[in-house]
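Summary of structural features
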Amino acid sequence: MTCHDQVENLKKRGPVSRRMEATKRGDVAIGYDRVGPEDAETIVFLERLGYSRWMYNWQRRDFEERYELLVPDNRGTGASSEPEGPYTIAEMAADLEAVLADAGADTAHLVGAEMGGMIALQYALEYDRAVSLTLMATHPGGPDAKSTPESVRERLFDPRPDIDEEARIRKRLEPMLSDSYRDRYSEIVDQIVEWRVQSDASERARDWQAAAIEDFDVSDRLEDIALPTLVMSPTGDEVVPPENGELLAERLPNAELLTFRNAPHLFFIEEAIQVNEHLAMFLADVET
């Protein structure tokens with residue numbers, strides 16, 4: 001498949017879905033995509049800090065025929081409300097419970113990257129619909145978790161008022177994708193930038209989500225999560241150091257660790273074929 005073909009296929013799965021649905025928890029509306037056969041097992045894809053539903057377009061195309069997919073926008077993002085913050089991971093886990101209840105999903109496989117992985121962990125501790133977890137480039141919080149290096153944090157959160165929004169997004173993508181990917185697939189990067197401009201969290205909502213990550217800590221409760229868990233850790237991750245994947249795999253009682261050598265934070269985009277193959281094999285082995 002050529003780069004042009006990939007871009008055209010991805011455009012067909014842009015941020016607006018024909019099956020866009022929404023539910024409310026209190027005064028907060030949570031928008032979510034719902035695709036795939038409704039009588040199939042359910043997968044929920046949970047996004048990282050600030051990103052909207054476009055983030056999992058690379059996974060949707062491989063799973064939407066075999067599974068029912070629910071892809072919600074976190075509060076403050078895309079089609080969901082932007083209530084006053086700061087937010088907490090516990091609030092977003094409660095939002096997820098509202099989505100699953102609205103969709104009538106009694107059970108679900110949870111797949112989350114970075115903040116999405118934290119939401120999955122919190123949900124598994126507080127609610128009972130999850131049957132498996134796939135945690136990508138995330139951490140459990142607490143004193144043993146490795147935080148984002150300050151030099152990378154400055155690149156991700158520098159407001160750069162002297163440049164326009166598109167240029168700012170491109171700068172923030174630099175620690176997220178490899179140089180080789182950004183050079184080789186510039187058209188795909190252009191499409192990502194377009195989607196981010198259209199539907200990602202505002203600056204203030206992004207800061208409120210970041211506060212949720214800062215306060216998150218379930219490190220002393222990991223042994224209570226007995227669900228089958230696949231931990232995917234990219235060893236070239238500049239945003240969430242890969243030691244966090246090892247930490248999760250060591251402390252979760254039913255976890256396996258899969259590393260992606262030299263892969264960056266958005267490895268589920270760059271290495272989508274391999275990620276999807278391993279995810280499919282993992283889900284096929286989970287008894288529901």
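Residues numbered from 1 in each chain as written. Predicted model: local features only at pLDDT ≥ 70, side-chain atom pairs only at ≥ 80, totals over all residues. Heavy atoms only, no water.

1. Re the overall build of the protein chain
Summing up its helical and strand segments, the protein chain has twelve helices and eight strands in all. The C-alpha radius of gyration computed for the protein chain amounts to 17 Å, which stays within 12% of the reference 19 Å derived for 288 residues, consistent with globular compactness. In terms of overall dimensions, the protein chain has a C-alpha envelope of 45 × 45 × 40 Å along the principal axes. In the protein chain, which comprises 288 residues, the share counted as buried stands at 57%. Split by element, the accessible area of the protein chain, about 12400 Å² in all, is 43% carbon and sulfur. Positive and negative charge centroids in the protein chain, built from 31 and 58 side chains respectively, lie 4 Å apart. (Helix = DSSP H or I, 4+ residues; strand = E, 2+ residues; numbered from the N terminus. Rg over C-alpha atoms; globule rule 2.2 N^0.38 Å. Buried < 20%, exposed > 50% of the residue type's maximum accessible area, 1.4 Å probe, protein only. Areas by Shrake-Rupley, 256 points an atom, 1.4 Å probe, with all protein chains shown as cover. Lys, Arg positive; Asp, Glu negative; His and termini not counted. Charge placed at Lys NZ, Arg CZ, Asp CG, Glu CD.)

2. Some thoughts on a negative patch on the surface
Together, D217, D220, E223 and D224 line one region of the surface with negative charge. By relative accessible area, which is 61% here, E223 ends up exposed. (Patch = residues over 30% accessible without salt bridge, like charges linked within 9 Å, V, L, I, M, F, W, Y side chains within 5 Å. Salt bridge = Lys/Arg side-chain N within 4 Å of Asp/Glu carboxyl O.)

3. Considerations on the packing of helix 5 (residues 150-157) against helix 9 (residues 203-215)
One can describe the packing of helix 5 onto helix 9 by two numbers: an axis separation of 13 Å at closest approach and a directional angle of 155 degrees. Looking at the two axes, helix 5 sits roughly antiparallel to helix 9. Touching R153, L156 and F157 of helix 5 are R206, D207, A210 and E214, all from helix 9. A per-class count over the contact of helix 5 with helix 9 returns three nonpolar, no polar and four charged. (Axes fitted to C-alpha atoms, helices over the stretch in contact; angles between N-to-C directions. Parallel < 35°, antiparallel > 145°, perpendicular 65-115°, else oblique. Contact = heavy atoms within 4.5 Å. Nonpolar A, V, L, I, M, F, W, Y, C, P; charged D, E, K, R; others polar.)

4. Describing the pairing of strand 3 (residues 42-46)
Most of strand 3 is tucked away, with five of its five residues classed as buried. Here three bridges tie strand 3 to strand 4 (residues 68-72), and the two strands are oriented parallel to one another. From the neighbouring strand, V44 faces strand 4, where its bridge partner is L70. Tracing the backbone out of strand 3, into helix 2 (residues 57-63) and back to the parallel element strand 4 gives a crossover that is right-handed. Direction of pairing for strand 3 relative to strand 5 (residues 108-113): parallel, over a ladder of four bridges. Bridging from a neighbouring strand, F45 pairs with V111 of strand 5. (Pairing = 2+ DSSP bridges. Right-handed = clockwise from strand over helix to strand, strands pointing away.)

5. What about the confidence of the model for the protein chain?
A residue-level look at the protein chain finds 93% of positions with pLDDT of 70 or above and a mean pLDDT of 93. Under a pLDDT of 50 for its full length, residues 14-18 has, in the predicted model, eleven contacts with residues more than four places off or in other chains. (pLDDT = per-residue confidence, 0-100.)

6. With respect to the pattern of salt bridges
All told, the structure shown has 24 salt bridges when counted by the stated rule. Among the ionic pairs, R25 bridges to D95, the shortest N-O distance being 2.8 Å. Here R25, found in strand 1 (residues 20-25), pairs with D95, found in helix 3 (residues 89-103); they are 70 residues apart in sequence, far enough to count as distant. For R25, a relative accessible area of 30% translates into the label partly exposed. A salt bridge links R170 to E166, with the shortest nitrogen-to-oxygen separation between them at 3.4 Å. A residue pair is termed a helical-turn pair when its members lie 3 or 4 positions apart in one helix, as R170 and E166 do in helix 6 (residues 165-173) at four residues. Linked through salt bridges whose partners overlap, the residues forming this network are R25, R75, E91 and D95.

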